[in-house]
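# Architecture and fold: a report
So you can see what is in the structure, the chains are spelled out below.
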Amino acid sequence: MGHMAGREPYERLRRRLDMHPIGAPPGGPILEILRTIFPGELAEFAARLPLGFFTVRTAARRSGRTAAEAEGLLDRLADRGVVIDFEQGGTRRYVMAPTYSGFFEFMFMRTRTDVDQKELARLLHEYEDGFVDAWSTIFAGPTQFGRMLVNEDRIPERTWSEVFDYERASALIRDAKAVSVGMCYCRHVAGHVGKACRQDVHVCMSLGAAAAALARRGLARSAGKSEALEILARCREAGLAQIVDNVRNRPTFMCHCCGCCCGQLRAVKKVGHLHPVHSSNFIASIDQAACNGCAACAKRCPVDAVAAEDMPPVGGKRPKRVGVLDDVCLGCGVCAAACKPGALRMAPRPVRVLMPDSTLDRLVLQAVERGKLQNFLFDDPERLDHRLLGAAFGSLLRLPSARRALAAKQVRSRFVDIFLRGAVPSGLRSLFGRG
């Protein structure tokens, strides 16, 4: 029973992480995962950190430590990618990353010796693949943290005007104030458990303020716009799909995903009814008259949205009839790029897919949907008023009528503004696309 020793600090940490909309569902090897990432006193310290931005002074007060002790622990957490730090007016501020897309990924954006990455990869793979309830909780609610980008090179010229810059990977890279590149979490983990594919692992991009913060801590390396665009072109040539932060303004990451390793795309195939990834505003469409039945598109589709069935032999060959499963297709354009006859094209969806304006809008919307908005507003467990108000507000959110009211745009915007004023310093609001 030695592995159970010291369980309570990690359960407290798990509960704190579960306050975030993405969460840290109980069960499976989650406590062993946290024990690996938060050795010793880091777990107890991290369990007391706020959900929003905070200073060393706040961390010291919450944890009962001196400012020097708190700063040292925050530096250790920042070096691990658990905490992201930013400079504002000579004051360093911090925010704790969520589990996904957050410090789970940051632990594998480079090779490191301070963590047993092989063991951690095994635990994370078990948590994701063997514990379906985790995915069902992480992807609960209609608003997810990732959205698919269409390959703009595969859009017919007549529909170019219907593609906005926030739907173009190239435009997002050019508009980002900073870009950094690290190792792909999914393929890095897959490599440690013997399931890696042959795709390049050094392609994971971070954008904007997050990119600068990760590069400063050595979790990724800074990259120029031209290099980032070259990586994008190379990944598209390799048949990889691009998933970004599900926001319109200032997305923080861009992944180049394969269907075999990517956790989000594997979730589509495993718990597709939850729609773990938002589709692009395009969908694959086949011209059956031009299709030669080679089925290259079906082989390339990362989520098995293109189906192929055998047809009667013709001239010694057995062609296939290809069809698109509209309710599965994410509109990435990988299939269209694989279609040499040009029978596949990316057509606009009948109804446009909407997305939150900013990271903060997405977080608040996810918190409303998952009944966790009170965790952002009243997140100090040491204060009696926060505990009472949080419990009362949580009970209100559990009422179906209250959820519908809070999800309304005007009411939600009010809570966004409250959160901005109370939890996000004005100089850092641009991180959330609200500056």
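Reference entry: report on the structure contained in this document. It should be emphasised that the depicted structure is a prediction, and the values quoted were computed from it without experimental measurement.

Criteria and cut-off values
Residue indices follow the written sequence of each chain, beginning from 1 at its first position. Reporting of local features is limited, given that this is a predicted model, to residues whose pLDDT is at least 70; pairs of side-chain atoms are given and counted only at 80 or more, and all residues count toward the totals for whole chains, interfaces and linings. Where side-chain values are given, they derive from all heavy atoms of the structure, hydrogens and water being excluded. Under the scheme used here, helices are H or I runs from DSSP no shorter than 4 residues and strands are E runs no shorter than 2 residues, and both carry numbers assigned from the N terminus. The buried label applies to any residue whose accessible area, calculated with a 1.4 Å probe on protein chains only, is under 20% of its type's maximum; exposed applies above 50%, and partly exposed to all values in between. Contact between two residues is taken to exist if any of their heavy atoms lie within 4.5 Å; hydrogens are not considered. Computed with a 1.4 Å probe, the accessible areas rest on the Shrake-Rupley method; for each residue, only the protein chains presented here act as cover. Residues enter a nonpolar core if they are buried and are Ala, Val, Leu, Ile, Met, Phe, Trp, Tyr or Cys, with the set joined through side-chain atoms within 4.5 Å. Pairing between strands is defined by DSSP: at least two bridges between them are needed. Structural elements are reduced to axes, namely lines fitted to C-alpha atoms, with helices fitted over the stretch in contact, and the angle between N-to-C directions of any two is expressed from 0 to 180 degrees. Of all possible arcs, the one meant is that of the directions from the helix axis to the C-beta atoms.

Next up on the list: the overall build of the protein chain. Regarding its fold elements, the protein chain presents 20 helices and 13 strands. Within the protein chain, buried positions represent 55% of all 435 residues. Partitioning the intrachain contacts of the protein chain with sequence separation of at least 6 by distance along the chain shows that 70% fall at a separation of at least 24. On the protein chain, roughly 19,100 Å² of surface is accessible, and the fraction owed to carbon and sulfur atoms is 53%.

Positioned with a positive phi, histidine 275 is a non-glycine residue whose angle comes to about 50°. Relative to the helices and strands, histidine 275 is located in the loop between helix H13 (263-270) and strand E10 (282-286). Using a relative accessible area of 51% as the deciding quantity, one classes histidine 275 as exposed. If you check the backbone angles, alanine 295 has positive phi at about 65° while not being a glycine. As for its placement among the helices and strands, alanine 295 is situated in the loop between E10 and helix H14 (296-300).

Now for the nonpolar core. With 121 residues, the main nonpolar core has Phe38, Leu49, Phe103 and Phe104 as its most contacted residues. Once residues lying within four places of it in the same chain are set aside, the contact partners of phenylalanine 104 are Ile30, Ile33, Ile37, Thr99, Leu124, Tyr127 and Tyr185. Residues Leu360, Val364, Leu373 and Leu377 belong to the second largest nonpolar core, which totals 8 residues.

Here we come to the sheet that holds strand E1 (residues 54-55). Across the sheet, which stays open at both edges, the 3 strands sit in the order E1-E3-E2 with antiparallel pairing between neighbours. The sheet is open, and its two borders are formed by E1 and strand E2 (83-88), each paired with just one other strand. Here helix H11 (residues 208-216) sits on the sheet and contacts E2 and strand E3 (91-96); the angle it forms with E2, its principal contact strand, is near 105°.

This paragraph deals with helix H2 (residues 30-37). Inspection of H2 places Ile30, Leu31, Ile33, Leu34 and Ile37 among the buried residues, and these make up the whole buried set. In an axial view of H2, the angular spread of the buried residues amounts to 155°, which keeps them on one side of the axis. Each element contacted by the buried residues of H2 is listed here: helix H1 (7-17), helix H5 (67-80), helix H6 (99-106) and helix H7 (117-129).

What follows concerns the environment of proline 9. Tracing the backbone through its elements, the reader meets proline 9 in helix H1. For proline 9, a relative accessible area of 23% puts it in the partly exposed group. In sequence terms proline 9 and arginine 35 are 26 residues apart; their C-alpha atoms lie 9.3 Å from each other.

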